[in-house]
Amino acid sequence: MDRVARNLNTLADLRRVPFALRACIVAAALAVAPAMSPASIPDGKASRLYEDALQRFERKDVAGAVIQLKNALQIDKTLLPVHVLLGKALMANGQAAAAEIALNEALRLGVNRAEVALPLAQSYIAQGKQKEMLNSPHLTPAGLPAGVQFQLLLQRAIAAGDLGDLKSAMKNIEEARSVDPRSPDSWIVEVPLRIRNRELKEASAAADKAMASSGGTAAAWYQKAMVEHVGGNVRAALAGYDKAVTLDADHVEARLARAGLYLDLERAGEAAAEVEELRKRFPKEPRSAYLAALLAERKGDAQAAQARLREVTALLDAVPLDYIRYRPQMLMLNGLAHFGLSELEKAKPYFEALLPRAQTPLPALKPLAQIHLAERNPERAAELLEWYMRAHPSDVQGMVLLASAYVAKGQNTKAFDLLQEALHNNDTPQMRSVLGMSLLGNGRWQDALPELEAAFKRDPRGQTYAGSMLTMLYLKNGQLPKAEAIGQALVKQDPSNPVFHNLFGMVLARTGNAAGARKAFEQALKIDDRLSAPKLNLARLDMNERAFDAAEGRLAPLLKADERNVDARLEAARLAALRGRDEDEQALLEKANELSTARDPRAGLALIALHLRRGKPAAAVEVAKRLASRRPEDVTVLLAYAKAQNINGDTTGARSTLSKATTLAGYSAPQQLEIASLQVAAGNPAGAHYSAEKALAAVPDFLPAQALLVDLELRQGDTTKADQLARKITASHPQRAIGYSLLGDVAATRGQGAAALEGFRKAHQLEPNTESFLRLFKATSLQEGNEAAQRLAEAWVKAHPKDIRARKALGDALARGGNLAAARSTYEALLKVSPDDAEAMNNLANLLLRVKDRAALEVAERALALAPQNTNVIDTVGWAALQAGQSDRALQLLRDARLRDPANNEVRYHLAAVLAKAGRRDEAREELQAALRSGRPFDSAGEARSLMSTLN
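Not measured: the values here are computed from a predicted model. (Residues numbered from 1 in each chain as written. Predicted model: local features only at pLDDT ≥ 70, side-chain atom pairs only at ≥ 80, totals over all residues. Heavy atoms only, no water.)

In total, this model carries 4 aromatic pairs according to the counting rule given. Relative to tyrosine 909, the ring of tryptophan 879 lies with its centre 5.8 Å away and its plane at 55°, an arrangement referred to as tilted. Here tryptophan 879 is found in helix H51 (residues 871–883), whereas its partner tyrosine 909 is found in helix H53 (residues 905–917), with 30 residues between them in sequence. Using a relative accessible area of 17% as the deciding quantity, one classes tryptophan 879 as buried. Residue classification places tyrosine 909 among the buried positions, given a relative accessible area of 9%. (Phe/Tyr/Trp six-rings, centres within 6.5 Å; stacked < 30°, edge-to-face > 60°. Helix = DSSP H or I, 4+ residues; strand = E, 2+ residues; numbered from the N terminus. Buried < 20%, exposed > 50% of the residue type's maximum accessible area, 1.4 Å probe, protein only.)

Written as structure tokens, this is what we have:
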């Protein structure tokens, strides 16, 4: 299949996607994120520097590799392969912090996280950033290839163990074993964790498993010996260390342990020999220097002992304390070394850092009940408030807070009884208002509404706050006439109150009266120009009218005056999004999310959406996870979390999240429909079916849910039921396209091409749009052939010359049919209509490559300038560069593309071709083996097999 036709083929899967979601899915598939592009270097110097560095790294000349990589970055700082290799080289050179910077830069430039997850995790652990490692969105195992996932889970186990969380550590190890049950590595990692927790029986069992599954490697022998050592079986421990060193002469841990045992056994000669060998092999190892100090001390050579201790402190003082805070051996070592040198103040922080984490001082005071409630500690809040109410039984605010604490604890009856008792003794509009606000604060707006209405009706002048909240509730629920009536009443009642003018302006804006809304907001500012709310609302109106400079002029002073203004940050983020400034939008949303209270999920939800839009699902998951922990019963938050989990490949987690959301959503038809759609994406048709039916139970004629049920029946193979449901929709909505389109889906599933074509044709006649055309186009191609589909597309494009997707479909069809001249004309015409369409430009470049037109590289470069992070575009430029004789440029770009999308077999073949041409046959063979072994078909599979035959 031609590469130029790939986009059309992706549409073949749309039949399996719920109808209501198709348009947004196709649109998302065509989106291109702006970023820095792989630089064009005519002389290829940077690429040659990289290749030299790679060969040095392979020869273990790590320092030389680092120098060459830094030289390459002096030429071009955007070279993705350079940052990746630099990160790995720096880690190998013991420069963990620098490695982290390089690897994070690679991620920013678009590397597939599978390529850097493991060294990045190791860099965090080496710096003592265990918590950061476990919380990093780039280091979540879900969605990674099995091999990387396995090793990353073990790194997470090590980090959790360092934090003293054996339960989490073992959970990660068990997950790793489910990925690869045969590897000895999981058992090797388990041993020290068990020893640290004094579970010697379990440690011994794990060591035996490591020995059995590895066949007796040096690592396994060392772990077995360590268990014996801790258990007091010195002879067996020494034998195990001997075996480990025999198998691997550079096993530093085994040598150190053996030297320590020799010292304990008073075998000074053997200890001295081992320490001498250690210092020769590992001159920068502080533990061998400390052992040398002990030996010198036993000989009575105080001067030598002091010199060796200074070696220890010189080595470890250069390491930030945070780097070794989870390394008790190193902490103890430097503490003892400084102590031995009588440097007590320098020893002190190392000894202090040895104290168990649980014994470190906690935050001094958190006495206010409001704080405990905000921190979701209702037990402590209730305890404090009960004590307070004994002293102040008539304090209304105290009653409301205590009731809120009871609700948070799930003691709803107790809360209601408390407020009812207060009302019984003091049934005033104020108390009704307070009760309504309390209910509102706990999310029970349906119960709050009658209380607020009663309060405002009985005392409209005294209960203006209740009137304001009523207006907001009416706005929230779309009851605009009621909102406008109360808003207007408030303004008439107190025309000097700017808050009422602002509120009335919000109502007018919702009703579509922008001019009236602007007048109301400006009146509020005339009364009090210090208010931020009317300024924000005016900025919103400016943005709606695309007066971006005016909006910025209102927002900038607000943020300057108050950096903690969450609302201003959210609006500034929206403005950045409208202007296409993703980096600014992200920074603003991150700060707004940080500043937001637990009750305000807006910034978090917006940040999740931004990460997903930018193709960063792991980052979205981390934001959603934290947001869901703060708002565990917020359906909107749970749906955002599930969506992020799905896109990140964690469908199991998504199902769990959606199961909870289904219960909380009750019979909200829109929410149940969204849950059902997300269940489909999570591979849970039964769960989707349940939610769709729950939506229909609430709203029996809810068309999107009916359509989704048809799709679900098709997925489960019940074409009869799907057909019945589709016909029911057609009968109920004979002038809507959806029923006929669904009948087309049913027929296509049954293999009834003619009937499918008829259904799609009827749908297109009723609602002629791009979506219905593309479905008809595909069905026509399958049933009547490529020429008929081309004629259909030509007619549609002639009538709709600005329909970009239709033009692409036509160009793809022409290319697939071999009519390359016509396909070229179609793409060129499309680019006249949409000159910045990177996808169309890339398709044209591929077509030019097929006809060996030298313009292919120039066109591909233009596409790359428009879509610098698009793997397919980078691949096309690399392949075109190779055809144009620019081997260095080709290698640079194809390495870049390979790092961005290691699952792309076409890219792997192209990289293999250029590697083979460069004489790197082993590396070329590895790329081809990975592509051919994957089992996924790709266009150049035949060429890949032919190339492989020349390399074997």
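Structure's up, so let's keep going.
Once their charged atoms are close, side chains differing in charge can pair, the charge on each being opposite to the other. This model, assessed by the stated rule, comprises 63 salt bridges. The salt bridge partner of glutamate 270 is arginine 267, with a shortest N-O separation of 2.6 Å. What makes glutamate 270 partly exposed here is its relative accessible area of 36%. Overall, the relative accessible area of 31% leaves arginine 267 in the partly exposed class. Of the charged contacts in the structure, one is a salt bridge between arginine 898 and glutamate 927, with a shortest N-O distance of 3.1 Å. Of the two residues, arginine 898 sits in helix H52 (residues 887–900) while glutamate 927 sits in helix H54 (residues 921–933), which places them 29 residues apart along the sequence. Comparing arginine 898 with glutamate 927 shows no difference in burial state: the two are buried. (Salt bridge = Lys/Arg side-chain N within 4 Å of Asp/Glu carboxyl O.)

By size, the foremost hydrophobic cluster in this structure holds 61 residues, and its most contacted members are Phe773, Phe777, Tyr909, Val914, Leu928 and Leu947. Broken down by element, the residue count for this core peaks at 8 residues, all from helix H49 (residues 838–850). Setting aside residues up to four positions removed in sequence, leucine 928 forms contacts with Tyr909, Ala912, Ala944, Leu947, Met948 and Leu951. Listed in part, the 42 residues of the second largest apolar core include Leu536, Ala551, Ala603 and Leu612. (Core = buried A, V, L, I, M, F, W, Y, C linked by side-chain atoms within 4.5 Å. Contact = heavy atoms within 4.5 Å.)

All right, on to the environment of tyrosine 124 then. Looking at the element boundaries, tyrosine 124 is found in helix H7 (residues 117–126). Judged by its relative accessible area of 9%, tyrosine 124 is buried. Counting along the chain gives 12 residues from tyrosine 124 to serine 136, while the straight-line C-alpha distance between them is 9.8 Å.

Tracing the chain through its elements places threonine 730 in helix H42 (residues 719–732). The class of threonine 730 is buried, set by a relative accessible area of 11%. Reaching out from threonine 730, the side chain makes a polar contact with the backbone oxygen of alanine 726 at a distance of 2.9 Å. In this view, threonine 730 contacts Gly739, Tyr740 and Leu743; residues no more than four positions away in its chain are not counted. (Polar contact = N/O pair within 3.5 Å; in protein donor to acceptor, adjacent residues only side chain to side chain.)

The next thing to look at is the confidence of the model for the chain. Averaged over the chain, the pLDDT score is 84; the fraction of residues at 70 or greater is 87%. Note that pLDDT drops below 50 for residues 1–43; the model gives that stretch 104 contacts with residues more than four away or on any other chain. Low confidence marks residues 356–368, where pLDDT is under 50. Its contacts with residues over four positions away, or in another chain, come to 7 contacts. (pLDDT = per-residue confidence, 0-100.)

Here we take up H7. Within H7, 7 of the 10 residues are buried, leaving the element largely enclosed by the surrounding structure. Buried within H7 are the following residues: Ala117, Pro119, Leu120, Ala121, Ser123, Tyr124 and Ile125. Buried positions along H7 lie against helix H5 (80–92), helix H6 (96–109), helix H8 (130–135) and helix H9 (146–162). Note on H7: the residue one or two positions beyond its end, glycine 128, has a positive phi of about 75°.

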